[in-house]
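A closer look at the structure
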Amino acid sequence: MSQMRYVGIWGDHDALAPARTARLDGERFVGTGVGGDEVVVWVFDGPNLTTTRSGDGSWAIVSGWIDGEAADVLGRVAETGPDRLRSVNGEFSSIVWVSASGRLHLIRAKYGNPPVFYAEAGTGVVFSETIDPILRAGVPARVDQDAVGWFLSCGYLPPPRTMFDRVRKIPAGHAIVLPSKRVDARRYWSVSWGGGRRDSFDQRVATLGDLMTRAVDTRLATSGTTGVLLSGGVDSGLLVAIARRVLDRDVVGFTFRYGSDAGAMNEGTAARELAAYVGADHVEIDLTADWVAGHLEQLVAAYEEPFGYALHTARLDPIATTGVEVVLSGVCTDGWYVSRREAQALRVAGLGGAAELATGLAARLPGRIGARGRTLHELAFGPVEQVFFNSAANTLLREDEQAAVSVDGASHRVADETLSRIVDETYPTHRADQLTHLAMWVKWPEHGLLWNFRWGRRAGLDVRNPYIDDNLVAYLAGSPRPHPAKADFRALAATLVPEHMAYRPKFPQSLPLGRWLRYPLRDLVHAEVGAVDFAEFGLDTDRVLEGIDDHLSGRADRKWLVWSALVLSMWRRIMLARRRDPLW
């Protein structure tokens, strides 16, 4: 089960448990607000978890990496509230008690990790960095069927949903301030889009070089060797090249190997070539079907919810055995760039009403021309959130696939008021920026950044992400739409490594899941899902089992249905149905 780092209660403790007399093996932080509402937080040892207290009784609990001190977080929040944290660079969440105002601030990191979960009980609120302590505090563990719809659609859960109907998560860059008539998260940080910057391409590459060097430098381990999750692509390769050739620091690249028959999914050759060129050590980690079969329960317990695409970087334990404590990841560049099809749609959208009419007419035609017309029309003129959530990168099961296995024959992806507000708030005017805005506030925190965070915590590693450095993000957001295909980052990489490495085509990082489920994981699938009633998830059990059989027999590629059924079943057994030891 996931390691408990802190757990706290605000307000009506009796709705949960007698917190005033609780005995937990951790440091106890207490505050009393206006009207006598009390907050009690128990803090336990853990990597990158720091606390600070002031003379007036205020205190702060900071979890994650910060380019500064916990005392600075306390001082800024005590002065004007979470808004002042917008100028503090880092990847951290914080719990801050301000004695003078009697207010408690639950603040989630700008880009989401570490997460902050909470649940209301009576007039009280219980909160933690992980879900398990909230359930152990007495909050009922019941499935949220609307969340199942989102998981089946995207492979992740947009905020504020979790898989538990009583547990919610604060959206990235948002904070909850207690006491409040309504427990509601409000944004404390946002990106400034546009600004009229018109750098030449060479100027842009030079500026990116300076910003990337600073982003990498501040995130390297203060002592010892830093690890890098090194694929065969330019994003992680650039991190290794900057660390070695610009900063002259020791790094080791870790590349996953998915078995001898995984073909191009194994990127070890390209990664090893780049590491050797810049003088970095390189290690390959075997992440095989046998390893998954033996560890999937542990992974689901560590993640605390079902997960979709996260498996390909799940084995970080071997990194910890090398003595490395800090690992850099190259995620979060893709959201800044548009595909060729999206770029074409953006050009069409710029032509205005005549183009909208023409693509609409083309969409009504039969055959391939009509199909292309429909796609182009939706990308250019459809609601941006619909375009975002229907994109391949945000699709686990298509809408028709989900409807085919649901009890009522419909897909269930119910929007939430908080998600709608994220879509609307501080919305940029440029359509490409709107897509990046959604990636930044919805996908990155709950998907690409989250899985490496979860796997890092499981292995006792601190995973840091240079591509979400505040200064780098501000520059990219304040510039015109970046050049296609990461041309600027590739040009920067070409100043440090040979061009064939900088411009090497990138195979999307993945593993042979479909074949694994059909062969080496087949017995695990049968053992796990054979006796499950999927109606609890709003799914028709017979249709789910038919789809699983279609994949296992080779009649159809239904790997994501099989995977979803497998992890939902395992999650139910591990997180939903098991008995928990109470916290007190």
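This text goes with the structure placed above it.
What this report covers is the structure whose coordinates are included nearby. All figures in this text were calculated on a predicted structure; none of them were measured in a lab.

The next subject is the overall build of the protein chain. Each helix and strand counted, the protein chain has 23 helices and 17 strands in total. For a compact globule of 584 residues, the expected C-alpha radius of gyration is about 25 Å, and the protein chain comes in at 24 Å, within 12% of that figure. Dimensions of the protein chain, computed from the C-alpha atoms along their principal axes, are close to 65 × 60 × 55 Å. Looking at the protein chain as a whole, 59% of its 584 residues are labelled buried. In the structure as shown, the protein chain presents an accessible area of about 23,200 Å², 48% of it carried by carbon and sulfur atoms. In the protein chain, 65 side chains carry a positive charge and 71 a negative one; their mean positions are 3 Å apart.

Read across the sheet, six strands follow the order β4-β5-β6-β7-β11-β12 without closing on themselves; strand pairing throughout is antiparallel. One side of each edge strand has no neighbouring strand; the edge strands of this open sheet are β4 (49-53) and β12 (186-187). Alignment of β4 against strand β5 (residues 59-66), held across five bridges, turns out to be antiparallel. Considered in β5, the bridge of arginine 53 is made with tryptophan 59.

Moving on to helix α17 (residues 470-477). Among the eight residues that make up α17, six are buried, leaving the element largely enclosed by the rest of the structure. Turning to α17, its buried residues number three or more, namely Asp470, Leu472, Val473, Tyr475, Leu476 and Ala477. At the N-terminal end of α17, a side-chain oxygen is found 3.1 Å from the backbone nitrogen of asparagine 471, two or three residues along, and the residue is aspartate 469.

Most of strand β3 (residues 38-43) sits inside the fold, with six of its six residues counted as buried. Taking every second residue as pointing to the same face, both faces of β3 are buried, with Glu38, Val40 and Trp42 on one and Val39, Val41 and Val43 on the other. Sheet topology places strand β1 (residues 6-10) next to β3; five bridges connect them, and they run antiparallel. Paired with isoleucine 9 across the strands is valine 40, a residue of β3. Across six bridges, strand β2 (residues 27-32) lies against β3 in antiparallel orientation. From the neighbouring strand, glutamate 27 faces β3, where its bridge partner is valine 43.

Pairing between side chains of opposite charge can happen when their charged atoms approach one another. In this structure the tally under the stated criterion is 38 salt bridges. The shortest N-O distance in the salt bridge between arginine 53 and glutamate 27 comes to 2.9 Å. Here arginine 53, found in strand β4, pairs with glutamate 27, found in strand β2; they are 26 residues apart in sequence, far enough to count as distant. Residue classification places arginine 53 among the partly exposed residues on the basis of a relative accessible area of 46%.

Scanning all chains against the criterion turns up 18 aromatic pairs. Taking the centre distance of 5.0 Å and the plane angle of 65° together, the rings of tryptophan 150 and phenylalanine 389 count as edge-to-face. One end of the pair, tryptophan 150, is in helix α3 (residues 145-154); the other, phenylalanine 389, is in helix α12 (residues 384-390), with 239 residues separating them in the sequence. Exposure class is identical for tryptophan 150 and phenylalanine 389. Each is buried. Ring centres of phenylalanine 307 and tryptophan 455 lie 5.3 Å apart, and the angle between their planes is 80°; this geometry places the pair in the edge-to-face category. With phenylalanine 307 in the loop between α7 (289-303) and α8 (317-321) and tryptophan 455 in helix α16 (residues 448-459), the pair connects residues that are 148 residues apart, well separated along the chain. Overall, the relative accessible area of 0% leaves tryptophan 455 in the buried class. Taken together, the aromatic side chains of Phe164, Phe534, Phe537 and Trp571 make up a single cluster linked through ring pairs. Stacked on the ring of phenylalanine 29, the Lys or Arg arginine 53 has its end atom at 3.8 Å from the ring centre. Across the ring face of tryptophan 441, the terminal group of arginine 187 is positioned such that the distance to the ring centre comes to 4.3 Å.

Spatially, six strands are ordered β2-β3-β1-β9-β8-β10 in an open sheet, and the strand pairing comes out antiparallel. Two strands lie at the open edges of the sheet, namely β2 and β10 (168-169), each paired on one side alone.

Another point: unusual backbone geometry. At the junction of proline 159 and proline 160, the peptide bond is cis and its omega measures out at 5° in the coordinates. Relative to the assigned elements, proline 160 resides in the loop between α3 and β10. Proline 179 follows leucine 178 through a cis peptide bond whose omega is 5°. The topology assignment puts proline 179 in the loop between β11 (174-178) and β12. Phi at glutamate 304 is positive, roughly 70°, even though this residue is not glycine. Residue placement: glutamate 304 occurs in the loop between α7 and α8.

Here we take up the packing of helix α10 (residues 353-362) against helix α11 (residues 367-381). Running from N to C, α10 and α11 cross one another at 145°; their axes reach a closest spacing of 7 Å. Viewed along their axes, α10 and α11 form a crossing whose handedness is left-handed. Along its contact with α10, which presents Ala355, Glu356, Thr359, Gly360 and Ala362, the element α11 presents Ile369, Gly370, Gly373, Leu376, His377 and Phe381. In the contact of α10 with α11, the residues fall into five nonpolar, five polar and one charged.

What counts, and where the lines are drawn
Residues numbered from 1 in each chain as written. Predicted model: local features only at pLDDT ≥ 70, side-chain atom pairs only at ≥ 80, totals over all residues. Heavy atoms only, no water. Helix = DSSP H or I, 4+ residues; strand = E, 2+ residues; numbered from the N terminus. Rg over C-alpha atoms; globule rule 2.2 N^0.38 Å. Buried < 20%, exposed > 50% of the residue type's maximum accessible area, 1.4 Å probe, protein only. Areas by Shrake-Rupley, 256 points an atom, 1.4 Å probe, with all protein chains shown as cover. Lys, Arg positive; Asp, Glu negative; His and termini not counted. Charge placed at Lys NZ, Arg CZ, Asp CG, Glu CD. Pairing = 2+ DSSP bridges. Polar contact = N/O pair within 3.5 Å; in protein donor to acceptor, adjacent residues only side chain to side chain. Salt bridge = Lys/Arg side-chain N within 4 Å of Asp/Glu carboxyl O. Phe/Tyr/Trp six-rings, centres within 6.5 Å; stacked < 30°, edge-to-face > 60°. Lys NZ or Arg CZ within 6 Å of the ring centre and 35° of its normal. Axes fitted to C-alpha atoms, helices over the stretch in contact; angles between N-to-C directions. Left-handed = near helix turned anticlockwise from the far one by under 90°. Contact = heavy atoms within 4.5 Å. Nonpolar A, V, L, I, M, F, W, Y, C, P; charged D, E, K, R; others polar.

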